[in-house]
Amino acid sequence: MNYIWEVVGRHPTGQQPTGAETIQKLCDRVASSTLLEDRRDAVRALKSLSKKYRMEVGTMAMDHLVRILQTDRADTETLGYALDTLYNIICSDEEEEPEENQQKQEDDLGAQFTEKFIQEPDNITLLLTLLEEFDFHVRWPGVKLLTALLKSQCAPVQGIILVSPMGVSRLMDLLADSREVIRNDGLLLLQQLTKGNTAIQKIVAFENAFERLLEIITEEGSSDGGIVVEDCLLLLLNLLKNNSSNQNFFKEGSYIQKMKPWFEVGDDNSGWSAQKVTNLHLMLQLVRVMVSPVNSPGATASCQKAMFQCDLLQQLCTILMATGVPADILTETINTVSEVIRGSEVNQDYFASVNAPSNPPRPAIVVLLMSMVNERQPFVLRCAVLYCFQCFLYKNHKGQGEIVATLLPSTIDANSISAGQLLCGGLFSADSLSNWCAAVALAHALQDNLTQKEQLLRVQLATSLGKPPVSLLQQCTNILSQGDKLNRRGSRVQTKVGLLMLLCTWISNCPIAVMHFLHNQDNVPFLTGQISENLGEDERLVQGLCALLLGICIYYNDNSLENYTKEKLKQLIEKRIGKENFVEKLAFITKHELYSRAAQKPQPAFSTPEHMLFDHEFTKLVKELEGMITKAVLRSSEEEKKEEEVKKTLEQHDSIVTQYKELIREQDSQINELKEQVALLTSQNEKLQNTTTQQFSQIQQHKDQYNILKLKLGKDNQQTGNQAEAAHVNGLQPEELSQLREQLEELQRQNQLLQTQLTEKDSLITSLKAEGVPSAERSTSEVTELQKEVELLKAQLQNQTAEITQLQSERQELLRGSESTAAAPGGDSVYTEKTAELESRLSAQTAETQKLKGEVKTLLESKELMEKELASATSTTAIMQAEKSKLQQEVQESKKEQDDLLMLLADQDQKILSLKQRLKDLGETIEDEDDLDSRDQFDDDDDDEEDDEECDE
């Protein structure tokens, strides 16, 4: 401590400064010193005094220390001293355990300093910034300080870190630090950070926390690892528990498959260390978090499926059947297997096939039940086995049938021990806890399974030599009624409660079982006697359960026994017990403290065997039946008769309505089929129309091309004529003139033939116009346009004919004048010129006529193609119109039938409403769910009719 006095200065001899004075001088030195070394020495002195003078340092030096963190960022040594000092004043790190009152005072003091520190949120942000410093003397104290702040004031510090930019990401970087001390303390920091804050849990998970934590667990040796593995598992539990988003991310990331190597155990399981037991216990808890019954059913089912597919369930069953496993690990493994198979058919079937490694091999279920009914086994282990058996039978009708079958006479094997034999042995043993566990287990084999309830009535038990066998149902009631035997047992209330829960579950919703129960003349007097007696506080629960059992006998009574009809049982209650007293005793069940505790979760969690009274599934049954039984007991006989009549009438009407609903559904299906056919035909029609449109566009393109070619040909003909007129020939012989005459006559014949063909095509076009259909209007218009073009060609041919006639007349005149001009001087030259002119004109006309013939031929071919397309479109349209008319007729018939049905349904609805009004007048509460269903169905029918009308339009 000498360097402290060197810093603050020496006092006169004999005067020792107090701690507060020293700390005040050190604070002044920190605030006023300009040299870095002086400030560093002062902060180091404050650190050395901070544990002994925690109050004084925290009160006077905190602001100065924060200022050091802000200003002296370059000096890592000074920063380390300041962070250590802040850690000492916020968190007491005494090695010796203080007394209780002193510890409370220190915690309050740490909370006060933490509150003062986080009054400025910038202080937390500053601390997060310092964690980015890689220097060990800064980063490690910063991690410890932030962890202490979170322990002291978790929620406020979480809120500041959550809104700080990249706050959580900076803390996640600690897991990647190569220095194990910082990484391990970073795990502790993240544990505190993720407690109870879903938002931070999600951010940490999406910062790749799962991958990194599983890597650390593998590096540290999995279950054989040390405290670091435990810290990783605790952090994983924080991230996954009650966080459906992270659970889904864990499953989708295939991290469940990476958990399988954790549970690989060897043949020799003796000598497990305490740390290995702790690690494996946390690993099992992690599996249970993923398949917990409180999760959504879909998420639980997907995780159960993944665990089966990756052989994780098989590995857990191996631990279950292994030898030398510690008791607490075995208990937690049983609970884990229970929740992995609960409600999963595939997993339940696999568990049923698991055998214990014994000679001869026995099913795992049998081995577990042997532990459950053995009073020497630990209490928590027996509870775990019961939970496993309940989960195996949960929504498992196949498994329920297999358990009940082991009790039936035809399937009993005398050479082997079955599950049914163990349950019966536990049911009638001298241990009250075995009685209760066996009764509850057998009740789960009957849960929501009417078939097995009736099958269990066949079970016969041999009581003693020389006496006939009795049924299992009768034996249970005999044990209830023999109070002297129960008094010799440890807890008569626990045994009675277990047997009464079994009987209530057995006969509920099973009139045949009710009849068998009432057939024994001693059962009803015993129940009424138990309910009417004035017993102690412990026996009031038994009275309530007896009232529940008697109420079930009334509610599910089919009046097949004349002495115990509903009305006679109600009269008996009114005379012997009183209706109000009966209802009060029945209501006591749900008011019991242990009933509320059992109703919270499926797993039986009891602190002591004496608290083991209620089963979770039984609490659901009581909640369902209490109101119905109360109403059935308080209702008069006349009201019951009226209600039964109304029920019968409603059932009849319901059957009629059901028939009509089925008929309407059939008609709806037929209408839907017709709609599909109409839609198909409509699509086909649209396709045909599209094809016609495409053909029309092609024809239009051909017409445009034709017009362009026509213009080009006209120009070429004109140029050829001009060239012919300008040509000069020497002269013509008589043979050449005769050839010209023959060519003119041939052209005339061809012209007449073309005119005849054009006339025939005109008549054909006229007939097609007269016989055309609406769906082929485009093809008809195209044919009309072709006709116009043919008319133009006819006019051109007529012009050509006139020109040819003119040429013939000129040729005749030329022949007549040739004789007169032959002898005249110069006559030959004149004749030659005229003949040459005539020949050129004839050649031009002949060429043009040939071109016109080619064009006429092309148009005739186009016309024939259009006629074929017109005929095809006409036939297709006719077929579609016929099918459409047929469909419309069928739709009309369906509408008529629906109108008739709607009329009948309206009448029935009116009758039902009148009957329900009568019930309401009688004071009954009527649920209108069926009416709402029928109205919704009628609304759907009206919508379908409107859709049909729109389709017809």
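Looking at an unreviewed UniProt entry, one finds the chain named General vesicular transport factor p115 and attributed to Cyprinus carpio carpio. The record held by UniProt for the chain lists under Sequence similarities (unreviewed entry) the comment "Belongs to the VDP/USO1/EDE1 family."

1. Observations regarding the overall build of the chain
On a plain count of helices and strands, the chain comes out with 40 helices and four strands. Among the 953 residues that make up the chain, the fraction classed as buried is 46%. Just so you have it, the chain exposes about 49,000 Å², and 49% of that area is on carbon and sulfur atoms.

2. Remarks on the packing of aromatic side chains
Counted according to the given criterion, the structure contains twelve aromatic pairs. Each residue in the set Phe206, Phe210, Phe249, Phe250 and Tyr255 is aromatic and connected to the rest through ring pairs, giving one cluster. Geometry around tyrosine 87 places lysine 144 over its ring, the cationic atom sitting 5.1 Å from the centre. Arginine 179 extends its terminal NZ or CZ atom over the ring of phenylalanine 134, reaching a point 3.9 Å from the ring centre.

3. Examining the packing of helix 4 (residues 54-71) against helix 7 (residues 121-130)
One way to put it is that helix 4 packs onto helix 7 with a least axis distance of 11 Å and a crossing angle of 45°. Taken as axis vectors, helix 4 and helix 7 run oblique relative to one another. Taken as a pair, helix 4 and helix 7 cross one another with a handedness that is left-handed. Mapping the contact onto sequence places Val66, Leu69 and Gln70 in helix 4 and Asn123, Leu126 and Leu130 in helix 7. Of the residues that constitute the contact of helix 4 with helix 7, the class distribution is four nonpolar, two polar and no charged.

4. Some words on the environment of alanine 111
Secondary-structure assignment places alanine 111 in helix 6 (residues 100-117). Apart from residues lying up to four places away in sequence, alanine 111 is in contact with Ser152 and Gln153.

5. Comments concerning the side chain of lysine 579
With respect to the helices and strands, the residue lysine 579 is situated in helix 33 (residues 579-591). No salt bridge is formed by the buried lysine 579. Its closest oppositely charged neighbour is glutamate 574, at 4.2 Å. In contact with lysine 579, not counting residues within four places along its chain, are Glu574, Val633, Leu634 and Arg635.

6. Considerations on the state of the cysteines
Tallied over the full model, the rule gives zero disulfides. The cysteine cysteine 317 is free of any disulfide, with cysteine 388 supplying the nearest cysteine sulfur at 8.3 Å. Cysteine 504 supplies the cysteine sulfur nearest to cysteine 546, a cysteine that is in no disulfide, at a spacing of 8.4 Å.

7. Considerations on a nonpolar patch on the surface
A surface patch of nonpolar side chains, amounting to about 250 Å² of accessible area, comprises Leu162, Val163 and Ile203. One can find isoleucine 203 in helix 12 (residues 198-219).

8. Topic: a negative patch on the surface
Taken together, the side chains of Glu893, Glu897, Asp899 and Asp900 present a region of like negative charge at the surface. Within the element layout of this structure, aspartate 900 appears in helix 39 (residues 827-921).

9. Some points on the pattern of salt bridges
One pass over the full model with this rule turns up 19 salt bridges. Here arginine 40 makes a salt bridge to aspartate 75, at a shortest N to O gap of 3.1 Å. Of the two residues, arginine 40 sits in helix 3 (residues 36-49) while aspartate 75 sits in the loop between helix 4 and helix 5 (76-90), which places them 35 residues apart along the sequence. Overall, the relative accessible area of 12% leaves aspartate 75 in the buried class. We note a salt bridge from arginine 212 to glutamate 219, for which the minimum N-O separation is 4.0 Å. For glutamate 219, a relative accessible area of 53% puts it in the exposed group.

Scoring rules and cut-offs
Residues numbered from 1 in each chain as written. Predicted model: local features only at pLDDT ≥ 70, side-chain atom pairs only at ≥ 80, totals over all residues. Heavy atoms only, no water. UniProt positions renumbered as here; feature names shortened; annotations may be inferred. Helix = DSSP H or I, 4+ residues; strand = E, 2+ residues; numbered from the N terminus. Buried < 20%, exposed > 50% of the residue type's maximum accessible area, 1.4 Å probe, protein only. Areas by Shrake-Rupley, 256 points an atom, 1.4 Å probe, with all protein chains shown as cover. Phe/Tyr/Trp six-rings, centres within 6.5 Å; stacked < 30°, edge-to-face > 60°. Lys NZ or Arg CZ within 6 Å of the ring centre and 35° of its normal. Axes fitted to C-alpha atoms, helices over the stretch in contact; angles between N-to-C directions. Parallel < 35°, antiparallel > 145°, perpendicular 65-115°, else oblique. Left-handed = near helix turned anticlockwise from the far one by under 90°. Contact = heavy atoms within 4.5 Å. Nonpolar A, V, L, I, M, F, W, Y, C, P; charged D, E, K, R; others polar. Lys, Arg positive; Asp, Glu negative; His and termini not counted. Salt bridge = Lys/Arg side-chain N within 4 Å of Asp/Glu carboxyl O. Disulfide = S-S within 2.5 Å. Patch = residues over 30% accessible without salt bridge, like charges linked within 9 Å, V, L, I, M, F, W, Y side chains within 5 Å. Charge placed at Lys NZ, Arg CZ, Asp CG, Glu CD.

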